[in-house]
Amino acid sequence: QVQLVESGGGLVQPGGSLRLSCAASGSFSNIYTMRWYRLAPGKQRELVASITNDGTTNYAESVKGRFTISRDNAKNTVSLQMNNLNLDDTAVYYCDAYVQLPGGARYDSWGQGTQVTVSS
């Protein structure tokens, strides 16, 4: 199976920056689209950003111009650079990867989440 481990969350002041990382490990033959989601108290889960294995990116309107998603296919990692953070960015951020197992099965693998808190 595939494990995703996120890191990089924490407490930051408004206007500050954080960089989240997510590393995939385990037995897989391919990783397709990788995504970052977030879940804030009282809100629905939001797709923040996605990146395909050829580098095509998409962003939620709320983070365009502030967040940048990137991936390193050689290291099976995806990152989310978050700049100019505001209070509305406070949430648990989850990494998701659509993976293919050696036997051919494909599924979404999820990380455990990392807390991002923006507060003065």
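I will try to describe carefully the structure that is included in this document. Each chain has its residues counted from 1, running along the sequence as written. Whole-chain, interface and lining totals are the exception, using all residues; otherwise, since this is a predicted model, local features are given only for residues with pLDDT of at least 70 and side-chain atom pairs are given and counted only at 80 or more. Working from all heavy atoms in the structure, the side-chain values ignore hydrogens and water.

## Quick notes on the overall build of the protein chain
Working step 1: Here a helix means four or more residues in a row that DSSP labels H or I, a strand means two or more in a row labelled E, and each is numbered from the N terminus. Within the protein chain one finds zero helices and eleven strands.
Working step 2: Its helices and strands in sequence order give the protein chain the pattern β-β-β-β-β-β-β-β-β-β-β, from N to C terminus.
Working step 3: The atom set for the radius of gyration is the C-alpha atoms, and the globule formula is 2.2 Å times the number of residues raised to the power 0.38. Against the compact-globule benchmark of 14 Å for 120 residues, the protein chain has a radius of gyration of 14 Å, which places it among compact chains.
Working step 4: By principal-axis analysis of the C-alpha atoms, the protein chain measures approximately 50 × 25 × 25 Å.
Working step 5: Looking at the 120 residues of the protein chain, the share that counts as buried comes to 41%.
Working step 6: In the protein chain, the proportion of contacts linking residues at least 24 apart, taken out of those at least 6 apart, comes to 55%.
Working step 7: In this description, accessible areas are obtained by the Shrake-Rupley approach with a 1.4 Å probe, and a residue is regarded as covered only by the protein chains that are shown. When the accessible surface of the protein chain is summed, it comes to about 6,100 Å², and 47% of that surface belongs to carbon and sulfur atoms. For every residue, the accessible area obtained with a 1.4 Å probe (protein chains only) is divided by the maximum for its type, and the residue is called buried under 20%, exposed over 50%, and partly exposed between those limits. Residue contacts are counted whenever heavy atoms from the two residues lie within 4.5 Å of one another.

## Section: the pairing of strand β11 (residues 114-118)
Working step 1: Only one face of β11 is covered, namely the face carrying T114, V116 and V118; the face carrying Q115 and T117 is uncovered.
Working step 2: For strand β2 (residues 10-12) and β11, the ladder comprises three bridges, and the chain directions are parallel. Within β11, the residue paired with G10 across the bridge is V116. Two strands are said to pair when DSSP picks up at least two bridges between them.

## Considering the packing of aromatic side chains
Working step 1: Aromatic rings from Phe, Tyr and Trp, taking only the six-membered ring of Trp, are treated as a pair when their centres fall within 6.5 Å; an angle between ring planes under 30 degrees marks them as stacked, one over 60 as edge-to-face, and anything in between as tilted. All told, the structure shown has two aromatic pairs when counted by the stated rule.
Working step 2: Taking NZ or CZ as reference, R45 lies 4.7 Å from the ring centre of Y37, over its face. In this scheme, Lys NZ or Arg CZ marks a charge over a ring once it lies within 6 Å of the ring centre and within 35 degrees of the ring normal.

## Here's the deal with the side chain of T114
Working step 1: Mapped onto the secondary structure, T114 falls in strand β11.
Working step 2: N or O atoms closer than or at 3.5 Å make up a polar contact, with two conditions inside protein: a donor-capable atom paired with an acceptor-capable one, and, for residues adjacent in sequence, both atoms drawn from side chains. For T114, the side chain forms a polar contact with the main-chain nitrogen of G9, separated by 3.3 Å.
Working step 3: In this view, T114 contacts E6, G8, G9, L20, A91, V92 and Y93; residues no more than four positions away in its chain are not counted.

## Overview of the environment of R71
Working step 1: Along the chain, R71 falls in strand β7 (residues 67-72).
Working step 2: Its relative accessible area of 17% is what places R71 among the buried residues.
Working step 3: Considering only alpha carbons, one finds R71 and G55, 16 residues apart in sequence, at a separation of 7.7 Å.
Working step 4: Beyond its immediate sequence surroundings of up to four residues, R71 is in contact with I31, Y32, T33, M34, I51, T52, N53, T77 and V78.
Working step 5: Looking at R71, its side chain comes within polar contact range of the main-chain oxygen of I31, at 3.2 Å.
Working step 6: Here the side chain of R71 touches Y32 through a polar contact of 2.7 Å, landing on its backbone oxygen.

## Brief notes about the state of the cysteines
Working step 1: Count a disulfide wherever a pair of cysteine sulfur atoms falls within 2.5 Å. Taken as a whole and judged by the stated rule, the model has one disulfide.
Working step 2: Linked covalently through their sulfurs, C22 and C95 form a disulfide whose S-S length is 2.1 Å. Here the disulfide of C22 and C95 is left-handed, its torsion about the S-S bond being about -80°. Residue C22 is located in strand β3 (residues 18-26), and its partner C95 is located in strand β9 (residues 91-100); the two are separated by 73 residues in the primary sequence.
Working step 3: Take C95: its relative accessible area is 0%, and that puts it in the buried class.

Worth remembering: the numbers are spatial, not functional.
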